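Coordinate inspection notes
As a plain string of letters, each chain reads:
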Amino acid sequence: MAEQKRYPAKPKKAYFFATCLVDLLYPEAGLAGMQLIRREGVEVIFPQDQTCCGQPAWNSGYRDEAREVALRQLACFTDNYPIVVPSGSCAGMMRHHYPEMFRERADQASIEAFSSRVYELTEFLVHVLKIELKDLGKPIKVALHTSCSARREMGVADEHEALLKQLSKVELMTQARKEECCGFGGTFAVKQPAISAEMVSDKANAIADTGADLLVSGDCGCLMNIGGHLDYRDAAIEHRHIASFIWERTHATEG
Amino acid sequence: MQQRVDFHSRIEQALGNPQLKASLRSAMDGLMANRKACFPDADALEALRLRGAQIRANALSKLPQLLLQLEQRCTQNGIRVHWAESVDEANGIVLGIMREHQAELLIKGKSMVSEEMDLNRFLEAQGIECLESDLGEYILQLAGEPPSHIVAPAIHKTRQDIARLFKEKFPDIPYSDDVDTLTRNARGILRKKFYAASAGLSGVNFAVAESGTLCLVENEGNGRMCTTVPPVHIAVTGIEKVVEKLAHVPPLLKLLTRSATGQHITTYFNMISGPRRTGEKDGPKEVHLVLLDNGRSRIYEDNELVNTLRCIRCGACMNHCPIYTRIGGHAYGTTIPGPIGSILEPQKAGLDNLGELPVASTLCGACAEVCPVRIPIPTLLNRLRYERIRSDHDGATHGQGSGRTRKEAAIWKAWSWLHRSPVRYRLALTLATRLRKILPLGLGPWTRVRKPPRIAAKNLHRRAREEGFNDR
Amino acid sequence: MTDKARDAILQRLRNRQPGFDTPSQRVAIETPSWPMEARIAQFKSMLESVRAEVHVVEPENWTDCLKTLVAEKQINNLLYAKQGPLAEAIEAAWGDTLLPELVCDERPVDEWKEEIFFQTDAAVTSARAAIAETGSLVLWPDAFEPRTWSLVPPVHFVIVDGEKLYNTFAEVVEAEQWARQMPTNALLVSGPSKSADIQQTLAYGVHGPTELIVILKASS
C-alpha cells in the first residue's frame with residue numbers, strides 16, 4: 001500500500017533516471033519524459049554516470065551485487081532535486097527498497113532522504129508539475145496496462161489514468177482483470193516461461209477484446225512482454241510507453 | 001533437484017489441462033468478487049487489516065507466555081494439552097488417544113494441520129479408519145487426492161467429475177450431477193458415520209489464551225458434528241494459532257470470513273472451552289489439544305521471517321494470485337499452496353527441497369494487498385530468494401545457499417561489475433547499440449511467444465547529450 | 001515425550017532475536033451502531049440473505065407464530081426443553097391435537113442418539129443473544145438445551161428476545177464479559193448449514209439443519 005505522500009511545489013530543476021531498459025530499448029520514452037518536464041519549465045538533469053537501479057540482482061537474491069550497483073546511483077543524484085523515473089518498477093525499487101537494502105549498513109537518514117526524492121514519472125507530472133495536456137492527435141482507442149509496482153508499490157494507477165483522460169481524443173478502454181499481472185516479473189519470464197506465456201497470452205486477449213488500437217504502459221518491462229507477444233501474434237495493436245504517447249500527442253510539430 | 005523436476009512437470013501438467021484452467025479462473029473470479037463486495041469501504045478495510053496485523057503480531061511477540069497461559073487455562077477447563085515437536089510426535093499422540101479408547105473410526109473436520117501430519121495415511125496404516133467429513137475434503141478422500149486450496153479444497157473439480165466419482169464409489173446411488181442431490185447423498189452417507197464415530201478431530205482457527213477457548217469457523221456443520229457427537233474430540237493446531245484475548249477474536253473472525261469467501265460470517269462459529277460438564281447431556285467427554293511445532297519455532301527466531309506465522313489461513317492470497325490461478329494448488333506439491341505456501345513451506349521443508357517456490361513469483365504484490373493480517377509476502381519471497389543463494393550460510397534457515405550455482409553467481413558478479421562502473425556501462429551500451437543488428441536478444445524461452453525487443457539506434461545517454469540535457 | 005517436546009519448543013521460542021516489537025499504533029475501528037428498528041432490519045436482512053427465515057413478532061405472540069410455522073412445515077415432532085426457558089409458554093400454547101408431538105428426552109443424548117439422528121424433525125431452542133451486523137444467533141447450549149439440538153434435526157427454530165439484539169459480536173463479548181465466564185460451548189449460528197464445495201455452487205443442509213427459522217420477539 002502506498003502511503004500518503006506530500007508533494008513539493010514545482011522545483012527549478014529535476015533529475016531524470018532513465019532505467020536500463022529505457023536506456024537501451026526505449027530511449028524515446030525517456031526522452032519524451034524529459035521533454036515533458038522541460039516543457040513545464042523545469043530544467044532536467046541527466047547524470048551521465050547513472051546505470052541501473054539494481055533491481056534485477058535484488059530480486060534474484062544477489063543482494064551484495066545489487067547494493068554495489070545501487071551505491072553508484074546514490075552518488076549520481078546528490079543535489080536536493082526530485083529524481084524522476086519513467087517506470088513504476090524502478091521507482092519502487094529506489095523509493096521503497098533502497099532503505100531496506102541498506103538497513104543497518106549505511107547512513108539510514110541519507111538513504112531515506114534520497115528515497116523520498118524519488119517520483120514515478122506520471123506521479124511527478126500530475127502532482128508536482130500539475131501538468132495540463134492539450135490533445136493534438138486523432139481519435140484513438142487506447143488500453144492502459146499499469147504495472148504491478150506502479151499500481152501497488154507506488155500507488156500511481158490513478159495518475160496514469162488521469163493523464164490519459166486529459167487527452168480529449170483518446171478513448172480509454174478497460175480490459176478485463178486490468179489489475180492482474182502480465183507475467184513479466186523480470187527473470188520470472190525466463191525461469192517460468194510456461195506460466196509467463198499463459199499470463200501474457202491472457203493479458204493480450206483481454207486487451208485485444210477491448211478493440212483498442214494501442215497499448216500504453218508506464219513500464220517498459222510490461223511493454224516488452226505484452227507488446228512482444230502482440231507482435232508475435234501479428235495483432236494490429238501498437239504499443240507505446242505512456243511518456244512517448246503523451247509527448248507525441250501534445251507536442252506541436254512544425255509544418 | 002528432484003523437487004525442481006517435479007515442480008516443473010506438475011506445472012506443465014496443470015497448464016495443459018484446459019478444464020482445470022476454466023474451473024480455477026471462474027472460481028477465483030468469484031471469490032475475488034465476493035471479497036470485494038464484502039469490503040465496500042477501503043478506509044475501513046485498511047483500519048481492520050491494520051488491527052488484524054497488530055493482533056497477530058502481538059500474539060507472536062508474546063508467544064511463549066501465551067502458549068503457557070493457553071495450556072494452563074485449557075487444563076483448568078478440562079482440556080488435555082499435548083505438545084509435539086514433529087509431525088511424527090503429533091501422529092503418535094493422536095494414535096495414543098485412539099488406542100486408549102479402542103477407537104476404530106476417527107471422523108474429521110477440515111484441518112490443514114492434519115494434512116501437514118498426513119494423519120489419515122498414518123492412522124490407516126495402524127488399522128484406524130479416518131474419514132473426512134467436510135464435503136470438499138470428503139470428495140477428495142474418495143478421489144484419493146490432496147486438497148488443492150486451503151478453503152475450497154475441491155475447487156479444481158467440476159460437478160460432473162464429482163458425480164462420476166460418486167457413481168464409481170457408490171454404484172447403488174443413482175447418478176446425478178445436480179449439486180443439491182450430490183450434497184444430500186453425501187449428507188446421508190456421512191450422517192451414519194457421525195453417528196458411529198468413536199472420536200472426532202478438528203483443526204483450530206484461533207486458540208484464545210485468556211480463556212482456553214478453541215475457535216472453529218465453518219459452514220457445513222461437520223465441524224460441530226466432529227466436536228460434539230463423538231465421545232472424544234481431538235483438536236490439532238500449529239503453535240502459532242494462539243491469540244491473547246477473546247476481544248481479539250471478533251476482528252479476526254471478520255477478516256477471516258470476508259477475506260476467504262466474501263462471507264460476512266460463516267454459518268457456524270464454534271467456541272469450545274472444555275469437555276461436557278456434569279449435567280450436560282452431550283458434547284465430548286474428553287477434549288485433547290495437540291500443539292504442533294514442526295519447524296514453526298525455527299521460523300519464529302527471525303524478526304522478518306516470523307511474520308509468516310501471522311497467517312490466519314484465509315486463502316485470499318491464493319485467490320488473488322495470478323500464478324495460483326494458472327497452475328492450481330496441486331502443482332505446488334505442498335500442504336499449503338499459493339503465495340503463503342511459497343514462503344511457509346520452504347522454511348519448514350528447507351530451501352534445498354522447496355527453494356523453487358519463492359522464485360516462481362512475479363512479485364506482483366496482489367497477495368500482500370489482500371492479506372488480512374498484512375503479511376509482506378513479496379518481501380519475504382525476496383528474502384527467501386536471498387537465503388537460497390547466499391554464500392555465507394549462518395544456518396538460520398533450512399537449506400540456506402542450496403540454490404547457489406556457480407554459473408548464476410558469475411552472471412550476477414559480471415552484471416554488477418558492469419553496472420557499478422559508469423565507464424564500463426557506457427562502453428557496453430555503445431557496443432550493444434553498434435552490434436544491435438546482430439546481437440541475439442532474448443533468445444530461448446522469451447522468444448517462444450514474443451518478438452524480441454529491438455535495441456535502439458541511439459541510447460538515452462547519447463540522446464540526452466544531443467538534446468542538451470545537462471549532466472549535473 | 002510431550003514434556004520434553006514442551007520444554008524444547010518453549011526453549012526455542014525464547015531464543016528468538018531481540019527487537020521484535022508489537023505494533024503499538026492505535027487503530028480506530030468504526031463499529032456500526034443502529035437504533036433498534038434499523039438493527040432489527042439489519043439482522044433480518046442478513047439472515048434472509050443466507051436463506052434463513054426471520055419472523056419479527058410481538059413478544060406475546062411468539063407461540064402463535066411457532067404454531068403456524070410447525071403446521072405449515074408439516075413437522076411431526078418437535079424437540080423442546082421441558083426445563084428450559086421456553087417450556088412454560090410452549091406447553092400452555094400447545095394442547096391442540098393437530099400440532100406436532102412435543103418431545104423432550106432428558107437423558108444424555110448418547111442414550112437416544114438413534115431418535116435424534118434419524119427420527120426427529122425439528123427442535124426449538126432459545127438464544128442467549130443475537131447480532132445484527134452479521135445476522136447471528138448466540139447460543140450457549142446447556143443441560144436443558146444441549147449442543148446437538150441446534151445441529152442434528154433438519155429444522156431448527158430459535159426464539160430470541162429483541163432486547164438481546166446487539167450490534168456486533170465485539171459488543172456481545174464485551175457487554176457480557178465473556179472472558180470471565182466461557183461455557184463449554186458457545187456458538188454463533190448465522191443461517192442454515194451450507195456448502196459451496198461443489199463447483200462454488202451453494203447447497204443447503206449439508207450436515208446441520210437445512211432450515212433455520214428465527215422468531216424475534218420485539219414490541220413495536
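Residues numbered from 1 in each chain as written. Chains lettered and ligands numbered in written order. Predicted model: local features only at pLDDT ≥ 70, side-chain atom pairs only at ≥ 80, totals over all residues. Heavy atoms only, no water.

**Some words on the overall build of chain C**
Helix and strand content of chain C: six helices and 12 strands. The C-alpha extent of chain C, read off along each of the three principal axes, is 75 × 50 × 40 Å. The buried share of chain C, taken over its 220 residues, is 54%. Taking contacts inside chain C between residues at least 6 apart in sequence as the whole, the part at least 24 apart equals 75%. When the accessible area of chain C is evaluated, it comes to approximately 9,900 Å², of which 46% is carbon and sulfur surface. Distance from the positive charge centre (20 side chains) to the negative charge centre (32 side chains) of chain C: 11 Å. (Helix = DSSP H or I, 4+ residues; strand = E, 2+ residues; numbered from the N terminus. Buried < 20%, exposed > 50% of the residue type's maximum accessible area, 1.4 Å probe, protein only. Contact = heavy atoms within 4.5 Å. Areas by Shrake-Rupley, 256 points an atom, 1.4 Å probe, with all protein chains shown as cover. Lys, Arg positive; Asp, Glu negative; His and termini not counted. Charge placed at Lys NZ, Arg CZ, Asp CG, Glu CD.)

**Thoughts on the overall build of chain A**
Summing up its helical and strand segments, chain A has 13 helices and eight strands in all. Seen through its principal axes, chain A has C-alpha atoms that stretch 50 × 45 × 30 Å. Counting every position in chain A, which comprises 255 residues, the buried fraction comes to 63%. Long-range contacts, defined as pairs at least 24 residues apart, comprise 79% of the intrachain contacts of chain A with a sequence gap of at least 6.

**Some thoughts on the interface of chain B and chain A**
Each side of the interface is counted separately: chain B has 72 residues, and chain A has 71 residues. Interface area for chain B against chain A, summed over the two sides, is near 6,300 Å², with a carbon-plus-sulfur share of 59%. Among the residues chain B hides against chain A, the three largest losses belong to B:Trp412, B:Leu460 and B:Phe469. Together they make up 12% of the total. Where chain B packs against chain A, one counts 11 salt bridges. Residue A:Arg177 is joined to B:Asp29 by a salt bridge in which the shortest nitrogen-to-oxygen separation is 2.4 Å. The tally of links between chain B and chain A comes to 37 residue pairs in polar contact (both at pLDDT 80 or more). When residues of the side of chain B that touches chain A are assigned to their parent elements, the largest contribution, seven residues, is made by helix α21 (residues 406-419) of chain B. Of the residues contributing to the side of chain B that touches chain A, the split by class is 30 nonpolar, 15 polar and 27 charged. (Buried area = accessible area lost by both parts, 1.4 Å probe. Salt bridge = Lys/Arg side-chain N within 4 Å of Asp/Glu carboxyl O. Polar contact = N/O pair within 3.5 Å; in protein donor to acceptor, adjacent residues only side chain to side chain. Nonpolar A, V, L, I, M, F, W, Y, C, P; charged D, E, K, R; others polar.)

**Description of empty space enclosed by the protein**
Residue and element names in this part refer to chain B. In this structure the tally under the stated criterion is five cavities of 30 Å³ or more. Estimates place the volume of the largest cavity at around 150 Å³. Taken together, 17 residues make up the lining of the largest cavity; nearest its centre are Cys321, Ile323, Pro339, Ser361 and Leu381. Of all elements in the fold, only α15 (322-327), α16 (338-349), α19 (366-370) and α20 (377-389) reach the threshold of two or more residues within the lining of the largest cavity. Looking at the lining of the largest cavity, the element that brings in the most residues is α16, giving three residues. Looking at the lining of the largest cavity, its residues break down into 12 nonpolar, five polar and no charged. For the second largest cavity, the calculated volume is near 90 Å³. Together, 14 residues line the second largest cavity, and Cys311, Cys314, Cys317, Cys371 and Pro372 are the ones closest to its centre. (1 Å grid on protein atoms, 1.4 Å probe; cavity = no way out; pocket = protein on both sides within 12 Å on 5 of 7 lines; lining within 4 Å. Points joined across faces, edges and corners; volume = space filled by probe spheres on them.)

**A word on the interface of chain B and chain C**
Taken residue by residue, the interface counts 96 residues in chain B and 78 residues in chain C. Summed over both partners, the interface of chain B with chain C comes to about 7,600 Å²; 59% of that surface belongs to carbon and sulfur atoms. Looking only at chain B, the three residues that lose the most surface to chain C are B:Arg187, B:Tyr195 and B:Lys281, adding up to 10% of its buried area. The tally of links from chain B across to chain C stands at seven salt bridges. A salt bridge links C:Arg147 to B:Glu280; the shortest N-O distance between them is 3.9 Å. At the junction of chain B with chain C, the criterion picks out 39 residue pairs in polar contact (both at pLDDT 80 or more).

**Focus on the side chain of A:Ser89**
Residue and element names in this part refer to chain A. By secondary structure assignment, the location of serine 89 is in helix α5 (residues 88-101). A residue is classified by how much of its surface remains accessible, and serine 89, at 18% relative accessible area, is buried. What serine 89 contacts, discounting residues up to four positions off in sequence, is Gln55, Ser149, Glu153 and Asp219.

**Section: a nonpolar patch on the surface**
The grouping of B:Leu431, B:Leu435, B:Ile438 and B:Leu439 at the surface amounts to a nonpolar patch, some 380 Å² of accessible area in total. Secondary-structure assignment places B:Leu439 in the loop between α22 (422-434) and α23 (460-466). (Patch = residues over 30% accessible without salt bridge, like charges linked within 9 Å, V, L, I, M, F, W, Y side chains within 5 Å.)

**A short note on the packing of helix α8 (residues 135-143) of chain B against helix α9 (residues 159-169) of chain B**
All names here are of chain B. As a packed pair, α8 and α9 sit with axes 10 Å apart at the nearest point and diverge in direction by 60°. As the angle between them shows, α8 and α9 are arranged oblique. Remark: the crossing between α8 and α9 carries left-handed chirality. Side by side, α8 and α9 meet where Tyr138, Ile139, Leu142 and Ala143 of the first sit next to Ile162, Leu165, Phe166 and Lys169 of the second. Split by residue class, the contact of α8 with α9 holds seven nonpolar, no polar and one charged. (Axes fitted to C-alpha atoms, helices over the stretch in contact; angles between N-to-C directions. Parallel < 35°, antiparallel > 145°, perpendicular 65-115°, else oblique. Left-handed = near helix turned anticlockwise from the far one by under 90°.)

**Re helix α5 (residues 87-100) of chain B**
Residue and element names in this part refer to chain B. Between the first and last C-alpha of α5 there are 20 Å, a value that for 14 residues agrees with the 20 Å anticipated at 1.5 Å per step. Every buried residue belonging to α5 is among Val87, Glu89, Ala90, Asn91, Ile93, Val94, Leu95, Ile97 and Met98, and all of these are buried. After α5 finishes, the residue glutamine 102 shows a positive phi value of roughly 45°. (Expected span 1.5 Å × (residues − 1).)

**Re the sheet that holds strand β4 (residues 118-120) of chain A**
Residues and elements named next belong to chain A. In spatial order, the strands read β2-β1-β3-β4; together these four strands make up an open sheet with parallel pairing. Two strands in the sheet have a free side with no partner beyond their single neighbour: β2 (43-45) and β4. Pairs of neighbouring strands in the sheet enclose a mean axial angle of 35°, with direction left out of account. In this structure, strand β1 (residues 13-16) lies alongside strand β3 (residues 83-85), joined through two bridges in parallel fashion. For tyrosine 15, the partnering residue across the bridge sits in β3 and is isoleucine 83. Against the sheet, helix α7 (residues 121-128) contacts β1, β3 and β4, and its axis sits at roughly 95° relative to β4. (Pairing = 2+ DSSP bridges.)

**What about the nonpolar core?**
Grouped together as the largest cluster of nonpolar side chains are 106 residues, with contacts concentrated most on B:Phe206, B:Phe269, C:Phe169 and C:Trp178. Setting aside its immediate chain neighbours within four residues, C:Trp178 contacts B:Leu246, B:Met271, C:Arg128, C:Val138, C:Trp140, C:Phe169, C:Val172, C:Val173 and C:Ala186. Counting residues in hydrophobic clusters, the runner-up holds 63 residues, among them A:Ala32, A:Leu214, A:Leu223 and A:Ile237. (Core = buried A, V, L, I, M, F, W, Y, C linked by side-chain atoms within 4.5 Å.)

**Brief notes about the packing of aromatic side chains**
Overall, the coordinates contain 19 aromatic pairs over all chains when judged by the stated rule. With a centroid separation of 5.9 Å and 75° between ring planes, the pair formed by B:Phe269 and C:Phe169 is classed as edge-to-face. Highlighted residues: B:Phe269 in strand β9 (residues 268-272) and C:Phe169 in helix α6 (residues 169-175), drawn from two different chains. Note on B:Phe269: relative accessible area 0%, which makes it buried. Given a relative accessible area of 7%, C:Phe169 falls into the buried group. Summarising the aromatic geometry, the rings of C:Phe169 and C:Trp178 are spaced 5.9 Å apart at their centres and angled 70° between planes, so their arrangement reads as edge-to-face. The pair formed by C:Phe169 and C:Trp178 is uniform in burial state, with each residue classed as buried. (Phe/Tyr/Trp six-rings, centres within 6.5 Å; stacked < 30°, edge-to-face > 60°.)

**Observations regarding the domain arrangement of chain A**
All names here are of chain A. Domain annotation of chain A identifies domain 1 (13-128) and domain 2 (140-250). Using only C-alpha atoms to locate each centre, domain 1 and domain 2 end up separated by 22 Å. Listed by partner, the interface residues are 29 residues for domain 1 and 23 residues for domain 2. Taking both sides of the interface into account, the surface hidden between domain 1 and domain 2 amounts to around 2,100 Å²; carbon and sulfur atoms contribute 68%. When residues of domain 1 are sorted by the area they lose upon contact with domain 2, Tyr26, Arg39 and Thr122 head the list and together hold 24% of the total. Run the count over domain 1 and domain 2 and you get 12 residue pairs in polar contact (both at pLDDT 80 or more). Contributing elements (two or more residues each) for the side of domain 1 that touches domain 2: α1 (20-24), α2 (27-39), α5 and α7. (Domains from an automatic or database assignment.)

**Description of the arrangement of the chains**
Considering every one of the two pairs of chains in contact, the largest contact total is recorded for chains B and C. Nothing in chain A touches chain C; the tightest C-alpha to C-alpha distance between them is still 14 Å.

**Comments concerning helix α2 (residues 18-38) of chain B**
Here α2(B) is 21 residues long and its end C-alpha atoms lie 30 Å apart, about the 30 Å a rise of 1.5 Å per residue gives. For α2(B), the complete set of buried residues consists of B:Leu20, B:Ser23, B:Leu24, B:Arg25, B:Ala27, B:Met28, B:Leu31, B:Arg35 and B:Cys38.

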